[in-house]
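# Commentary on secondary and tertiary structure
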Amino acid sequence: MGGDGERGGRDGLAARQLAAIAETVTVARAVGVALWLRGGWAMDFTLGEVTRPHVDVDWYCWRDDADRLAEALGARGWRVDPRLPVDVQLELVRDDVELSVAYLSRDAAGQVVVGAGPWAGTPLPAGMLDAPPGRIGDLAAPVVAVAAQIEFKEMFPVWMPDRPRRPKDAADLARLRARHRRPG
């Protein structure tokens, strides 16, 4: 990872986010909560390096586990962001680090679906949760599968037409596609 002004950016925010990822994985494991990185950090853990600055750390967890996760992290100084409704998504903050936890559920057929909010019940990509853990250095974290990461990046502007694809998303897609084509 580069230093501040390179890929570390914003006075070491990336280092604090990496520490938060390690803490979240440890806490979740201790309380029996399964979770998966999504978004930019999932890509970076898939690629094995920090590729760019990140605003927050995006996760998925099962809706039924979210309260337990929030309570365990709350005991460590994380607080629920009161600006966002927890019935849609769990937003936690501590100092300048933000954790954004989207909920998962299963439909009657056992398919993984969006667990809350306006798209609740919408099927998510098959195999999304079956990827091996990603890694940056010695830190391992569960991640969503590369194919799902690509689908989300491709479809976001379709799902949310008022939010066109950003340059960072195009760069992320190129990185992920290059990784997805690699054998093994």
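These figures come from a predicted structure and were not determined experimentally. (Residues numbered from 1 in each chain as written. Predicted model: local features only at pLDDT ≥ 70, side-chain atom pairs only at ≥ 80, totals over all residues. Heavy atoms only, no water.)

## Quick look at the overall build of the protein chain
Applied cut-off: Where helices and strands are cited, they refer to DSSP runs of H or I of at least four residues and of E of at least two residues respectively, numbered from the N terminus. Here the term buried applies to any residue with accessible area under 20% of the maximum for its type, exposed to any over 50%, and partly exposed to those in between, with areas from a 1.4 Å probe on protein chains only. When checking whether two residues touch, look at their non-hydrogen atoms; a contact exists if any pair is within 4.5 Å.
A count of helices and strands for the protein chain gives 5 helices and 8 strands. Taken from the N to the C terminus, the helices and strands of the protein chain come in the order α-β-α-β-α-β-β-β-β-β-β-α-α. Per-residue burial over the protein chain gives 46% buried out of 184 residues. Restricting to contacts in the protein chain with at least 6 residues of sequence separation, those with at least 24 account for 54%.

## A few points about the pairing of strand β1 (residues 35–38)
Our working definition: Strands are treated as partners if at least two bridges between them are detected by DSSP.
Residues Leu 35 and Leu 37 of β1 are buried on one face, and the alternating residues Trp 36 and Arg 38, pointing to the opposite face, are buried as well. As defined by bridge partners, β1 adjoins strand β2 (residues 57–62) across 4 bridges and the pair is classed as antiparallel. Note that in β2 the partner of Leu 35 across the bridge is Cys 61.

## Remarks on helix α1 (residues 13–31)
Formally: The span one expects for a helix is its residue count, reduced by one, times 1.5 Å.
The end-to-end C-alpha separation of α1 is 27 Å, in line with the 27 Å expected for 19 residues at 1.5 Å each. Taken residue by residue, α1 has Leu 13, Ala 14, Gln 17, Leu 18, Ala 20, Ile 21, Glu 23, Thr 24, Val 25, Val 27 and Ala 28 as its buried positions.

## Looking at the side chain of Thr 51
What counts here: Whenever a nitrogen or oxygen atom comes within 3.5 Å of another N or O atom, the pair is scored as a polar contact, on the condition that within protein one atom can donate a hydrogen and the other can accept it, and that pairs from neighbouring residues in sequence are kept only if both atoms are in side chains.
Following the sequence through the fold, Thr 51 ends up in the loop between α2 (39–47) and β2. Looking at Thr 51, the relative accessible area reads 8%, which means it is buried. Side-chain polar atoms of Thr 51 contact the side chain of Asp 44, separated by 2.6 Å.

## Some details on the pairing of strand β5 (residues 97–106)
A regular strand places its side chains on the two faces of the sheet in alternate fashion. The buried fraction of β5 is high, at 7 of 10 residues. Sheet analysis places β2 next to β5, joined by 6 bridges and oriented parallel. Bridge pairing links Trp 59 to Val 101 in β5. Pairing between strand β4 (residues 89–94) and β5: 6 bridges, direction antiparallel. Its bridge partner lying in β5, Arg 94 is registered against Val 97. Counting the residues that bridge the hairpin from β4 to β5 gives 2 residues, and of these Asp 95 lies at a positive phi of roughly 55°. Where β5 lies against strand β6 (residues 112–114), 3 bridges are found, and the strand directions are antiparallel. Its bridge partner lying in β6, Arg 106 is registered against Val 112. With antiparallel pairing between neighbouring strands as the criterion, β5 and β6 make up a hairpin whose turn holds 5 residues, including Gly 110 at a positive phi of roughly 90°.

## Quick word on the nonpolar core
Here is the rule we go by: We call a set of buried Ala, Val, Leu, Ile, Met, Phe, Trp, Tyr and Cys residues a nonpolar core when their side-chain atoms join them within 4.5 Å.
Core analysis: the biggest nonpolar cluster contains 48 residues, and Ile 21, Leu 37, Trp 41, Phe 45 and Met 128 have the highest contact counts within it. In terms of residues, this core owes the most to one element, α1, which gives 8 residues. The residues contacting Met 128, other than those within four sequence positions of it, are Tyr 60, Leu 104, Val 112, Val 143, Val 144, Ala 145, Ala 148 and Phe 152. In terms of nonpolar packing, the next biggest core, distinct from the first, is built from 5 residues, Met 43, Ile 150, Leu 173 and Leu 176 among them.

## A few points about the packing of α1 against helix α3 (residues 66–74)
The condition that has to hold: Angles shown run from 0 to 180 degrees and are taken between the N-to-C directions of axes, each axis being a line fitted to C-alpha atoms and, for helices, limited to the stretch in contact. When an angle is under 35 degrees it counts as roughly parallel; over 145 it counts as roughly antiparallel; between 65 and 115 it counts as roughly perpendicular; any other value is oblique. Should the near helix be turned anticlockwise from the far one by less than a right angle, the crossing is termed left-handed; should it be turned clockwise, right-handed. Each residue gets one of three labels, nonpolar for Ala, Val, Leu, Ile, Met, Phe, Trp, Tyr, Cys and Pro, charged for Asp, Glu, Lys and Arg, and polar for the others, Gly among them.
Relative to each other, α1 and α3 sit at 120°, their axes nearing to 10 Å. In terms of orientation, α1 lies oblique with respect to α3. Every pair of crossing elements has a handedness; the one defined by α1 and α3 is right-handed. On α3, the residues touching Thr 24, Val 27, Ala 28 and Val 31 of α1 are Arg 68, Leu 69, Ala 72 and Leu 73. Tallied by class, residues from the contact of α1 with α3 come to 6 nonpolar, 1 polar and 1 charged.

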